[in-house]
Amino acid sequence: MAVPLLDLKAQYAAIRSEIEPVLKQVCESQMFILGPGVVAFEKNVAAYCQSKFAIGVSSGSDALLACLMALDIKPGDEVITSSFTFFATAGAIVRAGAKPVFVDIDPDTYNFDTALIEGAITSRTKAILPVHLFGQVAPMKAIMAIAKKYNLAVIEDACQSIGASQDGIKCGNFGTFGCFSFFPSKNLGCFGDGGLITTNDAALADKIKLLRDHGQNPRYYYKMVGGNFRLDALQAAVLDVKLKYLDSWHAGRRRNAAIYNKMFAPCKAIKTPVTTAGNEHIYNQYTISVPRRDELQKFLAEAQIGSAVYYPVPLHVQECFADLGYKAGSLPMTEKAAGEVLSLPIFPELTSEQIETVANAVLKFCS
Ligand SMILES: *Cc1c(COP(=O)(O)O)cnc(C)c1O
């Protein structure tokens, strides 16, 4: 039985009858940029995220950039972040003109090893940018304590983790800003690119609204230099329909993860995802760690089972960051993870038969 890594058609089939009319409405209005549909979605998603403010933007990458701009992060500044993440996390820091400073990860969660953060702080450090990788919130209590001690801003890269919580608090509410992505493969995905910024600070929310529209207010009067970081009405319409289903989709992913965890438990060679106490994981990815990862991936591909490596090459050894001076060996846990992780199909519409097919194939290879 073929099992794809992700099948968005299954999700679309279930909600097509609701999506088509709202898309038609936007088309009939011919009002595509911001507008009432975006405002309505922002209100609903702010409530969902338990944040005072939610501002729709063009992508998760631009969300990160806009937040760095709002905090006046500039050339000469340093921002502490993870190297084991999607490129945009560090890309945004460089686009803002600042320097990413990479800290190694906890091999159990792939999130920040908070014991290493203080050692990376210098007189130029302005912010900490933790990533909530794969759907699990980074250890925010320790991160916020360090940020407070050194008077640093915190921008949460929550692009993979909308709805995930820690000690009952949803991500995007710990730091100054939370950044989210609606890239189609995220748990809440739109029909193209889209993103979101959450904050509980009214002045910063206003500043983000200015920045996403070139710094303009009123029309043709520019208070600062921003960008075109706007969320469009078609995406907001899709997202507002999907938002109602998000918690049930998260639950489906958790149910699937529990099946894998149980089936993999007897096998010592497979390291299953570790959820820290107090965390509610949303499993944007279900990522195992195995020693002969590349061979396993090939074995699964031959059985027509989809899988992916997030991420095969850490950011600190990317060609475009060579001038930062990191070398292979600089971040041992990050590099080890890059060689061993494999993400398996976890999307909510998977049947139990499909999950068992994947799990049995992994177990067969590992035995
Ligand atoms: C997806 C993602 C982004 C970027 O989001 P886009 O909407 O694709 O620009 C940033 N950081 C992380 C961790 C992501 O997973």
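What you see is a predicted model, and the numbers here were worked out from it, not measured in a lab. (Residues numbered from 1 in each chain as written. Predicted model: local features only at pLDDT ≥ 70, side-chain atom pairs only at ≥ 80, totals over all residues. Heavy atoms only, no water.)

Undergrad: Explain the overall build of the protein to me, using residue names and the numbers behind them.
TA: Each helix and strand counted, the protein has eleven helices and twelve strands in total. Against the compact-globule benchmark of 21 Å for 367 residues, the protein has a radius of gyration of 20 Å, which places it among compact chains. If you line up the protein on its principal axes, its C-alpha atoms span 65 × 55 × 35 Å. Across the 367 residues in the protein, those meeting the buried criterion constitute 53%. (Helix = DSSP H or I, 4+ residues; strand = E, 2+ residues; numbered from the N terminus. Rg over C-alpha atoms; globule rule 2.2 N^0.38 Å. Buried < 20%, exposed > 50% of the residue type's maximum accessible area, 1.4 Å probe, protein only.)

Undergrad: Could you give an account of the pattern of salt bridges, with specific residues and numbers?
TA: Enumeration over the complete set of coordinates arrives at 16 salt bridges. For Lys 207, the salt bridge goes to Asp 72, with nearest N and O atoms at 3.4 Å. Separated by 135 residues along the polypeptide, Lys 207 in helix α6 (residues 202-211) and Asp 72 in the loop between α3 (60-70) and β2 (78-82) bring together distant segments of the chain. Across the pair Asp 77 and Lys 74 runs a salt bridge, and its minimum N-O distance is 3.7 Å. (Salt bridge = Lys/Arg side-chain N within 4 Å of Asp/Glu carboxyl O.)

Undergrad: Describe the packing of aromatic side chains, with residues and values.
TA: Aromatic ring pairs are defined here through the distance separating the ring centres and the angle between the ring planes. A complete count under the given rule lists 15 aromatic pairs for this structure. Their ring planes at 35° and their centres at 4.8 Å tell us that Tyr 260 and Tyr 286 sit as a pair that is tilted. Remark: Tyr 286 occurs in strand β11 (residues 286-289) and Tyr 260 occurs in helix α8 (residues 246-264); sequence separation between them is 26 residues. Accessibility classification places Tyr 260 together with Tyr 286 in one group, the buried group. Through a chain of ring-to-ring contacts, the aromatic side chains of Phe 84, Tyr 110, Phe 134, Tyr 310 and Tyr 311 assemble into a single cluster. Directly above the ring of Tyr 48 sits Lys 170, whose terminal nitrogen or CZ lies 3.7 Å from the centroid. (Phe/Tyr/Trp six-rings, centres within 6.5 Å; stacked < 30°, edge-to-face > 60°. Lys NZ or Arg CZ within 6 Å of the ring centre and 35° of its normal.)

Undergrad: Please give an account of helix α1 (residues 8-29) that cites residues and values.
TA: Helix length check: α1, at 22 residues, gives a terminal C-alpha distance of 27 Å against a target of 32 Å (1.5 Å per residue), a shortfall beyond 12%. At Ile 15, α1 is bent by approximately 70°, the largest bend along its length. Three or more residues of α1 are buried, namely Gln 11, Ile 15, Ile 19 and Val 26. Residues of α1 that are buried in the fold lie against α7 (233-243) and α8. The opening residue of α1 is Asp 7, an N-cap whose side-chain oxygen sits 3.1 Å from the backbone nitrogen of Lys 9. (Expected span 1.5 Å × (residues − 1). Bend = angle between axes of the 7 residues up to and from the residue. Contact = heavy atoms within 4.5 Å. Polar contact = N/O pair within 3.5 Å; in protein donor to acceptor, adjacent residues only side chain to side chain.)

Undergrad: Which residues make up the sheet that holds strand β7 (residues 169-170), and what values do they have?
TA: Paired through their backbone hydrogen bonds, the strands of a sheet run either parallel or antiparallel. Read from one edge to the other, the open sheet built from three strands follows the order β7-β6-β10, with strand pairing classed as antiparallel. The open sheet is flanked by β7 and β10 (279-280), the only strands paired with a single partner. The pairing of strand β6 (residues 165-166) with β7 spans two bridges and is antiparallel. Each bridged residue has a counterpart across the sheet, and for Ser 165 the counterpart in β7 is Lys 170. (Pairing = 2+ DSSP bridges.)

Undergrad: Could you give an account of the nonpolar core, naming the residues involved and the relevant values?
TA: Nonpolar side chains in soluble globular proteins generally cluster together in the buried interior. Core analysis: the largest hydrophobic core is formed by 45 residues, its most contacted members being Ile 128 and Ile 162. The set of elements that each furnish at least two residues to this core consists of α1, α2 (36-49), β3 (99-103), α5 (140-150), α7 and α8. With six residues, α2 is the single largest residue contributor to this core. Shared between two domains, this core takes at least three residues from each, and those domains are domain 1 (8-243) and domain 2 (246-366). Discounting chain neighbours no more than four positions away, the residues touching Ile 128 are Ile 80, Phe 112, Ile 117, Ile 143, Ile 146, Ala 147, Leu 152, Ala 153, Val 154 and Ile 155. Membership of the second largest hydrophobic core comes to 36 residues, among which are Ile 270, Tyr 286, Leu 350 and Val 362. (Core = buried A, V, L, I, M, F, W, Y, C linked by side-chain atoms within 4.5 Å. Domains from an automatic or database assignment.)

Undergrad: So what's going on with the site of the ligand? Which residues, and what values?
TA: Around the ligand sit 15 residues, and of these Gly 60, Ser 61, Gln 160, Ser 181 and Lys 186 come closest. Gln 160 places a polar side-chain atom, nitrogen or oxygen, 2.8 Å from an oxygen atom of the ligand. Contact distances for the ligand include 2.8 Å between an oxygen atom and a side-chain N or O atom of Lys 186. Counting only elements with at least two residues in the shell around the ligand, the list comes to α3 and α4 (88-95). Looking at the shell around the ligand, its residues break down into five nonpolar, eight polar and two charged. (Near = heavy atom within 4 Å. Nonpolar A, V, L, I, M, F, W, Y, C, P; charged D, E, K, R; others polar.)

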